[in-house]
Amino acid sequence: MYEAFWKSAGAAADISIASWTSLSYFSDVTNLCWFLEPQLAHQIRRLHRLVGNAVAGEDRFIIVGTGSSQLFQAALYALSPPDAAEPMSVVSLAPFYSTYPPLTDYLRSPLHKWAGDASKFAGDRYIELVCTPNNPDGSIREAVLCSGEGKTVHDLAYYWPQYTPITHPADHDIMLFTLSKTTGHAGSRIGWAVVKDRAVAKRMIQYIELNTIGVAREAQLRAAKILQLVSDGYESPNPDKEMKLFDFGRQKLAARWHKLTEAVQASGIFTAPSFEPAFCNFTGDVSENLPAFAWLKCEKEEVEDLESYLKEKGIMVRGGSRFGKEARYARVSMVDHDEAFDLFVQRLAAMS
Ligand SMILES: Cc1ncc(COP(=O)(O)O)c(C=O)c1O
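So, a few notes on the structure that sits alongside this text.

Basis of the calculations
All residue numbers here refer to positions counted from 1 along the written sequence of the relevant chain. At least 70 in pLDDT is required for a residue's local features to be given in this predicted model, at least 80 for side-chain atom pairs to be given and counted, and no such filter applies to totals for whole chains, interfaces and linings, which use all residues. With hydrogens and water excluded, all non-hydrogen atoms of the structure serve as input to the side-chain values. Fitted lines through C-alpha atoms serve as axes, helices being fitted only where they are in contact, and the angles separating the N-to-C directions of these axes extend from 0 to 180 degrees. The secondary structure listing takes helices from DSSP runs of H or I that are at least 4 residues long and strands from runs of E that are at least 2 residues long, numbered from the N terminus. The cut-offs work like this: below 35 degrees is roughly parallel, past 145 is roughly antiparallel, 65 to 115 is roughly perpendicular, and the gaps in between are oblique. Two helices cross in a left-handed way if the nearer one is turned anticlockwise from the farther one by less than a right angle. They cross in a right-handed way if the turn is clockwise. In what follows, a contact means two residues having at least one pair of non-hydrogen atoms within 4.5 Å. Gly falls in the polar group here, along with every residue not listed as nonpolar (Ala, Val, Leu, Ile, Met, Phe, Trp, Tyr, Cys, Pro) or charged (Asp, Glu, Lys, Arg). Any residue with a heavy atom positioned within 4 Å of a molecule or strand is treated as near that molecule or strand. A 3.5 Å cut-off defines polar contacts: any pair of N or O atoms within that distance qualifies, except that in protein one atom must be a possible hydrogen donor and the other a possible acceptor, and neighbouring residues in sequence count only when both atoms are side-chain atoms.

1. Comments concerning the packing of helix 8 (residues 245-267) against helix 10 (residues 338-349)
Two elements in contact, helix 8 and helix 10, have axes separated by 7 Å at closest approach and are oriented at 20°. It follows that helix 8 is roughly parallel to helix 10 by the angle criterion. As helix 8 runs across helix 10, the sense of the crossing is left-handed. Note on element contacts: helix 10 touches helix 8 through Asp-338, Phe-341, Asp-342, Phe-344, Val-345, Leu-348 and Ala-349, opposite Lys-252, Arg-256, Lys-259, Leu-260, Ala-263, Val-264, Ala-266 and Ser-267. Of the residues assigned to the contact of helix 8 with helix 10, the class counts are nine nonpolar, one polar and five charged.

2. A closer look at the site of the ligand
Residues in contact with the ligand, as listed here, are Gly-67, Ser-68, Ser-69, Tyr-97, Cys-131, Asn-135, Asp-155, Tyr-158, Thr-178, Ser-180, Lys-181 and Arg-189. Between Tyr-97 and the ligand, the recorded distance is 3.5 Å, taken from a side-chain N or O atom to an oxygen atom. Note that an oxygen atom of the ligand is positioned 2.6 Å from one of the side-chain N or O atoms of Tyr-158. Elements with a minimum of two residues in the shell around the ligand: helix 3 (67-79) and helix 5 (179-182).

3. Concerning unusual backbone geometry
With an omega dihedral of -10°, the bond running from Thr-132 to Pro-133 counts as a cis peptide bond. Tracing the sequence through the fold places Pro-133 in the loop between strand 4 (126-131) and strand 5 (151-155). Cis rather than trans, the peptide bond between Asn-135 and Pro-136 has omega equal to 25°. Counting through the fold element by element, Pro-136 comes out in the loop between strand 4 and strand 5. Within the chain, Arg-108 stands out as a residue other than glycine whose phi angle is a positive 45°.

Here's what the structure looks like:
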């Protein structure tokens, strides 16, 4: 979806990296996160300040990761006591991002284990994953558990103005963000965590040291340039060319959600969530929640497996059971290429 925006940016968003630079493992030995490129740290803080979506000043630790997926694992490692008798239970309210369970369990670690839907969990020792706006259903969430020993990780991948009104600067213990959802550069594999506590930050950094000895410096430099262009688009706009990424994203998503709603109504067999508009501090306007995914439910009694049903009709989705819900739900991407999206709504509207 973002390709057209970045094409129009042209050379202004490109970087060139000389072969003799960025050879060392180290980016900044004076920083606790020694593999974080200073330009990237600067642009991350600058963008959060501009957007007002997270408290990320100098008194917070910024940790870069190979995507927020690596930081998610680093957070579980950091929050799970190394010598506990039992693994920490990792939970999230259903429907939850389908990658959380396999990412928690694939190494069968003695540190942590997936324990499913947070609303069904009873116990004191847990890590609750709070994804808001939520993947897959776009809901705005807060932690549902509150126990003295419990920990939370806030996955704020979609807390950006193209997807949702920015109602307050988030200020949680561990907040995860990713370039993939902020600007569309998923392949650069850059994510960042904003962390309050030094000891937790240190353990997350230790995880990344052991796992990949840092994060590709070339990708970080590219990410810094991309983020710089995003902030410049608002703070020092070019009078000849408007480069406002969040405005671009909102317009695209608003048009797509409109088309999707029409297709859902035309078919008459699906329902999609609807959301209350809210005041967005960034745009200075009341605006709508425009999630990156549509969480569809099929109201036809006989359709119990929506993923297979839609596959037969030429629509690829991820079925509800992977998100901890019934298979009559499915998640559809709202951020694909224009052609794919248009074909999807045409096919959806034609069903009955
Ligand atoms: C909620 C959420 N968290 C994390 C990720 C993974 O992000 P990354 O590409 O930075 O690993 C995704 C990707 O779809 C996501 O939807």
